[in-house]
Amino acid sequence: MPASAPTVPQAARLTESQIAQFKRTGYLVLPGVVDADLCRQARDQMWETIAESRPSMKRDDPATWVPFTDEEKESYTREVTGGDPYFGGRGHRFYIRNGAEDLLLDIGARVVWDVAEQLLGEGEVVYPAGLDATGHTTGPCYLTEGAVKGMESHLGDKTREWTGPPTNRTGPLRLPKTGPHWVTGQGTRGMYCTLPNSPVSTPPDWRGAHAGEGLYNSRRLLQTAVYFDDVPEGAGGLMLFPGSHHRIWDYWETTNHGATAIANGEDAPRFVGYTDPPIGAIKADTEPVMTAGPAGSVVLWHTIMLHLAGWNEHPDIIRQATLYGFNKKPDTWPDDRLAAGPKGSIWTDWSDEVKAVEV
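One numbering rule holds for all chains: residues counted from 1, following each sequence as written. Side-chain atom pairs in this predicted model are given and counted only at pLDDT of 80 or more, local residue features only at pLDDT of at least 70, and totals for whole chains, interfaces and linings cover all residues. Computation of side-chain values covers all heavy atoms of the structure but excludes hydrogens and water.

1. So, the side chain of Thr-194
Helix and strand assignments follow DSSP, with helices taken as H or I runs no shorter than four residues and strands as E runs no shorter than two, numbered in order from the N terminus. Here Thr-194 shows up in strand S6 (residues 191–194). Relative accessible area decides the class of each residue, using a 1.4 Å probe on protein chains only: under 20% of the type maximum gives buried, over 50% gives exposed, and in between gives partly exposed. Thr-194 gets classed as buried once you look at its relative accessible area, which sits at 0%. As used in this structure description, the phrase polar contact means that two N or O atoms lie within 3.5 Å; if the pair is within protein, one of them must be able to donate a hydrogen and the other to accept it, and residues adjacent in sequence are counted only when both atoms belong to side chains. A distance of 2.6 Å separates the side chain of Thr-194 from the side chain of Arg-93, its partner in a polar contact. Pairs of residues are marked as contacts when any of their non-hydrogen atoms sit within 4.5 Å. What Thr-194 contacts, discounting residues up to four positions off in sequence, is His-92, Arg-93, Asn-312, Ile-317, Ile-318 and Arg-319.

2. Points about the packing of aromatic side chains
When we look at a pair of aromatic rings, we describe it by the centre distance and by the angle of the planes. Only Phe, Tyr and Trp rings take part, Trp by its six-membered ring, and two of them pair if their centres are within 6.5 Å. Stacked means planes under 30 degrees apart, edge-to-face means over 60, and tilted covers everything else. Enumeration according to the criterion identifies 16 aromatic pairs in this entry. Taken together, a centroid distance of 6.1 Å and an interplanar angle of 55° make the contact between Phe-22 and Trp-347 tilted. Of this pair, Phe-22 sits in helix H1 (residues 16–25) while Trp-347 is found in the loop between helix H11 (335–340) and helix H12 (352–356), placing the two residues 325 residues apart along the sequence. Across the pair, exposure class does not vary: Phe-22 and Trp-347 are buried alike. Arranged with centres 5.0 Å apart and planes meeting at 75°, the rings of Trp-347 and Trp-350 form a pair that is edge-to-face. An aromatic cluster is built from Phe-68, Tyr-76, Phe-87 and Phe-94, whose rings are joined through pairwise contacts. Lysine NZ or arginine CZ positioned within 6 Å of the ring centre and within 35 degrees of the ring normal marks a charge as sitting over the ring. Seen from the ring of Tyr-95, Arg-97 lies directly overhead, with NZ or CZ sitting 4.4 Å from the centre.

3. A look at helix H6 (residues 145–155)
Residues Ala-147, Val-148, Met-151, His-154 and Leu-155 constitute the buried set of H6. With its buried residues spanning 100° around the axis, H6 presents them on a single face. Gly-156 sits one or two residues past H6 and shows a positive phi near 65°. This arc is built from the directions going out from the helix axis to the C-beta atoms.

4. Focus on the sheet that holds strand S1 (residues 27–30)
Only strands joined by at least two bridges in the DSSP assignment are considered to pair. The seven strands lie next to each other as S1-S10-S7-S12-S6-S3-S2, forming an open sheet whose pairing is antiparallel. The sheet terminates laterally at S1 and strand S2 (87–90), the two strands that pair on one side only. Going across the sheet, the axis of each strand differs from the next one's by a mean of 20°, ignoring polarity. Here strand S3 (residues 93–96) pairs with S6 via four bridges, running antiparallel. Among the inter-strand pairings, Tyr-95 is bridged to a residue of S6, identified as Tyr-192. Axis lines are fitted to C-alpha atoms, over the contacting stretch for helices. Their N-to-C directions set the angle, which ranges from 0 to 180 degrees.

Structure below.
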C-alpha cells in the first residue's frame, strides 16, 4: 500500500495573519522551510543528471551554463512508453522529469502537507504517493476532452493508450514514470531550472504570463514552488500578479460560462489562461512580484493567479525549482460542481479555518 502521510519534517502551519495575507494577495513565501540536506540531495541529483545528459555543462564552471541550441532541443527523445524525455532543454530553460520520485515529492509537496490540509481541509486533499513498485503513478483525474488534449504534449501518440477516451467523469488514471503526474496530484513537474542571463519579460504583454489551470478541468486549488537552491532577487523566481486570483474568479463567476453550458447540455468551456478576460487588463494595470528566497523556500499561491517564470539576470546562478499543485479529493468536490466552474465565493472549497479569517 502506498503511504498516505509524509515522513519528512513539516513546515509550521500558517498563522492567522499569514492566511489573511494569502487571501488578500493570493500568495505567500515561506523562507527556508525545507530540510537543507534534502535540498542538497536534490542539487546533487540535478548535476548527476546533467553530467549524463549534457556533459558539456560543468558544475564548477558557470561559463558552460549556456542556452540550449535547437539541435540539442530536438535530441532529447520521448520515452518509448509515453511521457516526456527525462531530461530536456530549450533556450535558457531545462527540466528533469523526476517529479514522481520520492526525493522531489519530499521537498516539493510533502513538506507542506500539513499546510495544505490546513488550507484545503483535513482529509480532503489527494496525497502525492508518487511511483509504485512498477514505476507508474495512479491518481484521480477529471477526464474531459480538454484534459486529454492537454496531456498530448507530454504523452505523444501514446496518449489514448494511457487515458482512453474522455469520459467527463473522475476516475483513477495510471501514468508512466515521466508524467504528466501533476494532473492526478501524484508528482511535481520535476526540476524546472532557468540558466543565467535569460531574456527579460516586459510590460505590457508580459510574455508567458498565464493563469487559471484549474478553473474548470481540475480540483487543483493550491500551487507550490520550492527553491532547492538560493534564489536571490533577480534570479528568476516565480512572478505573481497580486490580487489577480480575485479578479479572474469574479469575472468568470459573474459570466457563469460553465453553469450556462451545462444547462444547455454542452461541455463546460475551458478557460484559456493566456488570453481570456480579464488577463489583458491585469497585465496592463498590475505590477508583478518576482519571488525570492534562500534554499528550501516555498512559495504558496492560489492556482488561478496570473503568473510567469521570472528572468535570471545573474551570470553564475541557475534558478532551481520544482512546482506542485494540491488537489481536492473527488468526494469533496463532485464532478457536476467542478464542471460548473467558479460559483459563489472564491474560498467556498477551502477549509473552514481559511473561510473564518477576515481580510
